[in-house]
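# Working through the structure, step by step
Chain by chain, the residues run as shown.
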Amino acid sequence: MGVRLMVVDDHRLLAEALASALKLRGHRVLAAAAPTAGAAELVVSRAPEVCLMGTAAPAEPGVFDPVVRIKRERPQVAVVVLGPVPSPRGIAAAFAAGASGYVRHDERIEGVERAMVKARAGEAAVAPQLLQGAFTELLNPAAQPDDEGQRLLRLLTPREVEVLVRVAEGEDTRLIAAGMGIAPSTARTHVQRVLMKLGVGSRLEAAALAARTGLLERAVLIRRRGAGGAEAGNGAGPGAGPREGRASS
């Protein structure tokens, strides 16, 4: 029997892709929405059995506030968080807010389905290896090693970082150009360079790779710092490149 669910994510492209895949597998998707900031009101009004909630920054303060409201007003709704390779603090924050599960963004669709069914049944839906990794890190804290997300981030210019975030949010070339104040041809060139540097063949692959490696989480934080700091000038540095003002999608 299919699950009645909603998919919400700050990055519309990921939400819609996952929703489409789950529909094809016989589940009833009530909505695929972005951003997660407005998810609580939508979930409360639609009352799905399960809410899949994507986040690129599970350890960021306040990111699970929508989960708290959902569980307060619709306690029967099971929330499963979709996120990057989690830190112990990220997993703890998700469950403390009331989530029923945590699934990595790069999990196969069968794994997402299993988590949905377990959560609907009132069980905790988290892979044992994720818990083992979290407990290992808690018991044996160490300096953060260099990782794939950091390596990929070093390949991108500040402008390409902003383009990657906009791609993950589902913006097309026209919206990217308008939001960044550049010509569509320039935006198209930036997108192609991002795909080439990441070694992927499509925007969806770029968004999935960025989420899986933690690159997207870092890119979002860089973009926010840039928006709240210096003016967007010549793009020579993370604080000077990205700027706000994009058209809402």
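As the structure is a prediction and not an experimental result, all values here were calculated from the model. (Residues numbered from 1 in each chain as written. Predicted model: local features only at pLDDT ≥ 70, side-chain atom pairs only at ≥ 80, totals over all residues. Heavy atoms only, no water.)

All right, on to the environment of A168 then. By the element assignment, A168 lies in helix α8 (residues 158-168). Residue A168 is classed as buried on the basis of its relative accessible area of 0%. Sequence-distant contacts of A168, that is, excluding residues within four places in its chain, are made with H11, R12, L13, L14, A207 and L216. (Helix = DSSP H or I, 4+ residues; strand = E, 2+ residues; numbered from the N terminus. Buried < 20%, exposed > 50% of the residue type's maximum accessible area, 1.4 Å probe, protein only. Contact = heavy atoms within 4.5 Å.)

The full count for this structure, using the stated rule, is 12 salt bridges. A salt bridge links E73 to R69, with the nearest nitrogen and oxygen atoms 2.9 Å apart. Of the two residues, E73 and R69 both sit in helix α3 (residues 65-73), 4 residues apart, roughly one turn of that helix. Accessibility expressed as a relative area gives 37% for E73, which makes it partly exposed. (Salt bridge = Lys/Arg side-chain N within 4 Å of Asp/Glu carboxyl O.)

Look at helix α5 (residues 109-120): 17 Å from first C-alpha to last across 12 residues, which is about the 16 Å you get at 1.5 Å a residue. Burial in α5 covers these residues: G111, V112, E113, A115, M116 and A119. Trailing α5 by a residue or two, G122 shows a phi angle of about 90 degrees, which is positive. (Expected span 1.5 Å × (residues − 1).)

Direction of pairing for strand β1 (residues 4-8) relative to strand β2 (residues 28-33): parallel, over a ladder of 5 bridges. Of the residues in β2, the one forming a bridge with V7 is A32. As a crossover connection, the stretch from β1 through helix α1 (residues 12-24) into β2 is right-handed. (Pairing = 2+ DSSP bridges. Right-handed = clockwise from strand over helix to strand, strands pointing away.)

The geometry of a pair of packed helices is captured by two quantities: the angle between their axes and the separation between those axes. At a closest axis distance of 8 Å, the pairing of helix α2 (residues 39-46) and α3 adopts a crossing angle of 20 degrees. As far as their axial angle goes, α3 and α2 are roughly parallel. For the pair α2 and α3, the sense of crossing is right-handed. Facing A40, E41, V43 and V44 of α2, the residues of α3 in contact are P66, R69, I70 and E73. Split into classes, the residues belonging to the contact of α2 with α3 amount to 5 nonpolar, no polar and 3 charged. (Axes fitted to C-alpha atoms, helices over the stretch in contact; angles between N-to-C directions. Parallel < 35°, antiparallel > 145°, perpendicular 65-115°, else oblique. Left-handed = near helix turned anticlockwise from the far one by under 90°. Nonpolar A, V, L, I, M, F, W, Y, C, P; charged D, E, K, R; others polar.)

To continue, consider the confidence of the model for the chain. Taken residue by residue, the chain gives an average pLDDT of 83. The fraction at 70 or more is 84%. The model gives residues 230-249 a pLDDT under 50, and that stretch makes 38 contacts with residues more than four places away or in other chains. (pLDDT = per-residue confidence, 0-100.)

Our next topic: the nonpolar core. Formed by 31 residues in total, the largest nonpolar core has its most connected members in V163, L164, I176, L198, L215 and L216. Of the residues forming this core, the biggest block, 6 residues, is contributed by α8. For L216, the contacting residues outside a window of four places in its chain are H11, A56, V165, A168, A210 and A211. A31, V43, V63 and I70 belong to the second-largest nonpolar core, a separate cluster that totals 23 residues. (Core = buried A, V, L, I, M, F, W, Y, C linked by side-chain atoms within 4.5 Å.)

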